[in-house]
Amino acid sequence: MATDILFYVFAFLTLACGVFVVANPFSRNPVTSAMFLVLTIISMAGLFVLLHAFFLAAVQVLVYAGAVMVLFLFVIMLLDLKEEERRKIKKLSLVAGLVSVGAIVAIFLRSLLATNPGKELTNPTAVGDTATLGKMLFTKYLLPFEIVSILLLVAMVGVILLSKKDFK
Amino acid sequence: MRAVFAIPYPLSSILAGKRMNVGLEHYLIVSALLFALGLLGVITRRNLLVMYMSLELMLNSANLTLVSFSRFNDNLNGQVMVFFIITVAAAEVAVGLALIVALYRKRQSAHVEDLTSMKY
């Protein structure tokens, strides 16, 4: 089936680009990490489309790959981190990280495969298009929606205050 | 011990050569691996900005889990939750990056090993 093949394509792209965000063998420059994070997010939007979450796929591309990553790139360019490239990763932290992450992956996969949560769930029909999600946002989730707008305002004020020149 | 090492359901049917459709488990496995990648980045990388990007990776894997559960349970509440998570994550990134810039102005470094004044 075409959607199955697309799933494997997008899943492979997501994970491969994720690897390049964390450990790029060719370059230690944060800009390449940021660009691979953009690719990860876009292929994850493809996975969202396969899950029939169309609105969220659009929001993922617009907000994450657009706004958030532009902010990241802006800050990377602003800080000019050239001299950071030469430092080496310590062997001890690499080994400790790999061991702990391997243990967590083992726990995740073991519990996932032991319970196989999706075995009986077949033929889902829910479609997350804009009209349906918008209706839910303005009826059932109206209060959280308004609170989130206040949160955005607070974050904006905080950012302006933090980036003032004489910040103490 | 036998039960622990028996090959579990999705892998067993793949190994047996049976056709199987992409289901909830596939998405959850991708999400778990992505979360692990982000965690590995936070633990091993020492650059504040790359650590922050790895954090975003972990956040995105949680979003993928929520969307796939929402899809396979025929319930759109999870997708509304993801919408809120994306909104809050955008605010969080703005505040965090402003903090990193303020820190860089004070210390001239975005490297966690240079930021040890609270260590002892």
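Residues numbered from 1 in each chain as written. Chains lettered and ligands numbered in written order. Predicted model: local features only at pLDDT ≥ 70, side-chain atom pairs only at ≥ 80, totals over all residues.

1. Observations concerning the overall build of chain B
Scanning chain B from N- to C-terminus turns up 5 helices and 0 strands. For chain B, the sequential pattern of α-helices and β-strands runs α-α-α-α-α. Across the 120 residues in chain B, those meeting the buried criterion constitute 43%. Put simply, 41% of the contacts in chain B that link residues at least 6 apart link residues at least 24 apart. (Helix = DSSP H or I, 4+ residues; strand = E, 2+ residues; numbered from the N terminus. Buried ≥ 20, exposed ≤ 12 C-beta atoms within 10 Å, placed from the backbone. Contact = placed C-beta atoms within 7 Å.)

2. Let's talk about the overall build of chain A
Looking only at helices and strands, chain A features 6 helices and 0 strands. Starting at the N terminus and ending at the C terminus, chain A contains elements arranged as α-α-α-α-α-α. When each of the 168 residues of chain A is scored for burial, the buried share is 25%. Sequence separation of at least 24 residues holds for 61% of the intrachain contacts in chain A that already meet a minimum separation of 6.

3. Here we look at the packing of helix H4 (residues 48-72) of chain B against helix H5 (residues 77-107) of chain B
Helix packing geometry: the angle between the two helix axes and the distance between the axes. All names here are of chain B. At a minimum axis separation of 9 Å, H4 and H5 run at an interaxial angle of 175°. By the criterion of interaxial angle, the relationship of H4 to H5 is roughly antiparallel. For the pair H4 and H5, contact is made by Leu48, Leu49, Tyr52, Leu59, Asn63, Leu66, Val67, Phe69 and Ser70 and by Asn77, Gly78, Gln79, Met81, Val82, Ile85, Ala89, Gly96 and Ile100, respectively. (Axes fitted to C-alpha atoms, helices over the stretch in contact; angles between N-to-C directions. Parallel < 35°, antiparallel > 145°, perpendicular 65-115°, else oblique.)

4. Overview of the confidence of the model for chain A
Taken over all residues, the pLDDT of chain A has a mean of 87, while the share at 70 or more is 89%. For chain A, helix H4 (residues 91-115) of chain A is the element with the lowest average pLDDT, namely 86, and helix H6 (residues 142-162) of chain A is the one with the highest, namely 94. (pLDDT = per-residue confidence, 0-100.)

5. Brief notes about the packing of H6(A) against H5(B)
Direction vectors running N to C along H6(A) and H5(B) enclose 10°, while the axes themselves pass 9 Å from each other. By the angle between their directions, the pair H6(A) and H5(B) is classed as roughly parallel. Across from Pro144(A), Val148(A), Leu151(A), Leu152(A), Ala155(A), Gly158(A), Val159(A) and Leu162(A) in H6(A), the residues of H5(B) making contact are Phe84(B), Thr87(B), Val88(B), Ala91(B), Ala94(B), Val95(B), Ala98(B), Leu99(B) and Ala102(B). Residues that form the contact of H6(A) with H5(B) fall into these classes: 15 nonpolar, 2 polar and no charged. (Nonpolar A, V, L, I, M, F, W, Y, C, P; charged D, E, K, R; others polar.)

6. Some points on the domain arrangement of chain A
Residue and element names in this part refer to chain A. Assigned domains of chain A: these are domain 1 (2-128) and domain 2 (129-168). Listed by partner, the interface residues are 4 residues for domain 1 and 4 residues for domain 2. Broken down by class, the residue content of the side of domain 1 that touches domain 2 amounts to 3 nonpolar, 1 polar and no charged. (Domains from an automatic or database assignment.)

7. Some remarks on the confidence of the model for chain B
Averaged over all residues, the pLDDT of chain B equals 83, while 82% of them reach at least 70. As a predicted assembly, this complex carries a pTM of 0.87 together with an ipTM value of 0.89.

8. Some details on helix H1 (residues 2-22) of chain A
A rise of 1.5 Å per residue sets the reference length of H1(A), with its 21 residues, at 30 Å; its end C-alpha atoms lie 30 Å apart and thus fit the reference within 8%. Buried within H1(A) we find Phe7(A), Phe10(A), Ala11(A), Thr14(A), Cys17(A), Gly18(A), Phe20(A), Val21(A) and Val22(A). Against helix H2 (30-50) of chain A together with helix H3 (24-44) and H4 of chain B lie the buried residues of H1(A). (Expected span 1.5 Å × (residues − 1).)

9. Things to note about the interface of chain B and chain A
Contacts between chain B and chain A engage 64 residues on the former and 75 residues on the latter. Elements represented by at least two residues in the side of chain B that touches chain A include exactly helix H2 (9-15), H3, H4 and H5 of chain B. With 20 residues, H5(B) is the largest single contributor of residues to the side of chain B that touches chain A. In terms of residue class, the side of chain B that touches chain A is made up of 44 nonpolar, 14 polar and 6 charged.

10. Remarks on the nonpolar core
Core analysis: the biggest nonpolar cluster contains 62 residues, and Leu47(A), Phe48(A), Leu56(A), Leu49(B), Met53(B) and Val67(B) have the highest contact counts within it. Residue assignment for this core shows that the elements contributing at least two residues are H1, H2 and helix H3 (54-79) of chain A together with H3, H4 and H5 of chain B. Not counting chain neighbours up to four residues away, the residues in contact with Leu49(B) comprise Pro30(A), Val75(A), Ile76(A), Ile100(B) and Ala110(B). (Core = buried A, V, L, I, M, F, W, Y, C linked by C-beta atoms within 7 Å.)

11. Looking at the environment of Gln60(A)
Residue and element names in this part refer to chain A. Within the fold, Gln60 resides in helix H3. Using a count of 25 C-beta atoms within 10 Å as the deciding quantity, one classes Gln60 as buried. For the pair Gln60 and Ile42, spaced 18 residues apart in the sequence, the C-alpha separation amounts to 7.6 Å. Excluding residues within four positions of it along the chain, Gln60 makes contact with Ile41, Met44, Ala45 and Phe48.

12. A closer look at the environment of Ala110(B)
Residues and elements named next belong to chain B. When you line up the elements, Ala110 lands in the segment after H5. Judged by local crowding, Ala110 falls into the buried class, with 25 C-beta atoms found within 10 Å. As for Ala110 and Tyr52, which are separated by 58 residues in sequence, their C-alpha atoms are 11 Å apart.

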